[in-house]
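# Secondary and tertiary structure notes
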Amino acid sequence: MRMNTDALVLRVTDTGESDRLVTLLTSEYGVLRAFANRAKKINNRMHGATQSFCYGDFSIYKSRDSYIIDDAVAKEVFFGLREDIEKLALSQYFCALAAELVPEMEPARDYLRVILNSMHLLEKQKRSNGFLKAVTELKIMAFSGFMPDLTGCSKCGNEPSGEIYFNVADGCIYCKGCGSGERINSTVLAAMRHVCASPIEKIYSFSLPTEDEKRFAAVCEKFLLSQTGKRFKTLEFYKSLF
Ligand SMILES: [Zn+2]
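Attention in this report is confined to the structure presented alongside it.

Cut-off values and rules
Residues numbered from 1 in each chain as written. Predicted model: local features only at pLDDT ≥ 70, side-chain atom pairs only at ≥ 80, totals over all residues. Buried ≥ 20, exposed ≤ 12 C-beta atoms within 10 Å, placed from the backbone. Helix = DSSP H or I, 4+ residues; strand = E, 2+ residues; numbered from the N terminus. Pairing = 2+ DSSP bridges. Expected span 1.5 Å × (residues − 1). Arc of directions from axis to C-beta. Contact = placed C-beta atoms within 7 Å. Axes fitted to C-alpha atoms, helices over the stretch in contact; angles between N-to-C directions. Parallel < 35°, antiparallel > 145°, perpendicular 65-115°, else oblique. Nonpolar A, V, L, I, M, F, W, Y, C, P; charged D, E, K, R; others polar. Core = buried A, V, L, I, M, F, W, Y, C linked by C-beta atoms within 7 Å. Domains from an automatic or database assignment.

### Things to note about the pairing of strand S7 (residues 172-175)
- Burial of the side chains of S7 extends over both faces: Cys172 and Tyr174 are buried on one face and Ile173 and Cys175 on the other.
- Where strand S6 (residues 164-167) and S7 come together, four bridges link them in antiparallel fashion. Across the sheet, residue Tyr165 finds its bridge partner in S7, namely Tyr174.
- Connecting the antiparallel pair S6 and S7 is a turn made up of four residues, with Gly171 showing a positive phi of about 70 degrees.

This is the structure in structure tokens:
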């Protein structure tokens, strides 16, 4: 079976003297691990396209029990992300999220678009790192089956106002009288609803006052960690920089 797909390189491991094992986020086949033989050699034509954060076109075939990349052409390399340790760390976290949460052998165009858009905005410094991190976390969670229920108070059904609680363990919101959880407000709730409900091209088009942005970022991260039950070394490294 031959597969032609665009993909982002999430992770690269050197194998043997000159080969690479590349984890790809492909638009057609989800997350896929494939060998790129001789790609470690600087004069190999796949050398550039099989490095971390490279987005390109890949030609892959299946050989017994492994996938082999036999051609790769880079379209975008995101060099700017390597020049700043925070941006580098955050991009590595985005890649780890994709590697962990995107299914294998299923189309993953939407995941790929979110990660690429976030990396592009991060590289161009269009939005704060914390904002991009939260939006990416929440949208990836929504795609991967962890859509929070933000329609109204989960117990009484009313639209909560003033003191609002977001329970990261059940992904529901509660009014002051009905439940507990992370305290948010109507501005943060509106931001969360916007990210969950909007098409990808609109998810970044809002802004929050500084304190609300901090709260928004804190609850998105807590929600992701609570729902997935995972530890991300890349996230811990990113946070160790502050
Ligand atoms: Zn209620």
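### Focus on helix H2 (residues 109-123)
- Spanning 15 residues, H2 covers 21 Å between terminal C-alpha atoms, matching the ideal 21 Å at 1.5 Å per step.
- Those residues of H2 lying buried are Tyr111, Leu112, Val114, Ile115, Ser118, Met119 and Leu122. Looking straight down H2, one finds its buried side chains confined to an arc of 165 degrees; they lie on one side.
- Contact partners of the buried residues in H2: strand S1 (2-15), strand S2 (19-26), helix H1 (85-101) and helix H3 (129-143).
- Residue Gln125 follows H2 closely and has a positive phi angle near 55 degrees.

### A few points about the packing of H2 against H3
- Two elements in contact, H2 and H3, have axes separated by 10 Å at closest approach and are oriented at 180 degrees. As far as their axial angle goes, H3 and H2 are roughly antiparallel. Contact residues: Asp110, Tyr111, Val114, Ser118, Leu121 and Leu122 in H2; Asn129, Leu132, Thr136, Lys139, Ile140 and Phe143 in H3.
- Considered class by class, the residues forming the contact of H2 with H3 number seven nonpolar, three polar and two charged.

### Examining the nonpolar core
- Core analysis: the largest hydrophobic core is formed by 69 residues, its most contacted members being Leu24, Leu25 and Ala98.
- Counting contributing residues per domain, this core is built from domain 1 (2-76) and domain 2 (83-240), each supplying no fewer than three.
- Ignoring sequence-local partners within four residues, the contact set of Leu25 consists of Ala7, Leu8, Leu10, Val31, Ala98, Val102, Ala108, Tyr111, Leu112 and Ile115.

### Let's talk about the environment of Gln92
- Note that Gln92 resides in helix H1.
- Residues Gln92 and Phe53, 39 residues apart in the sequence, show an inter-C-alpha distance of 8.5 Å.

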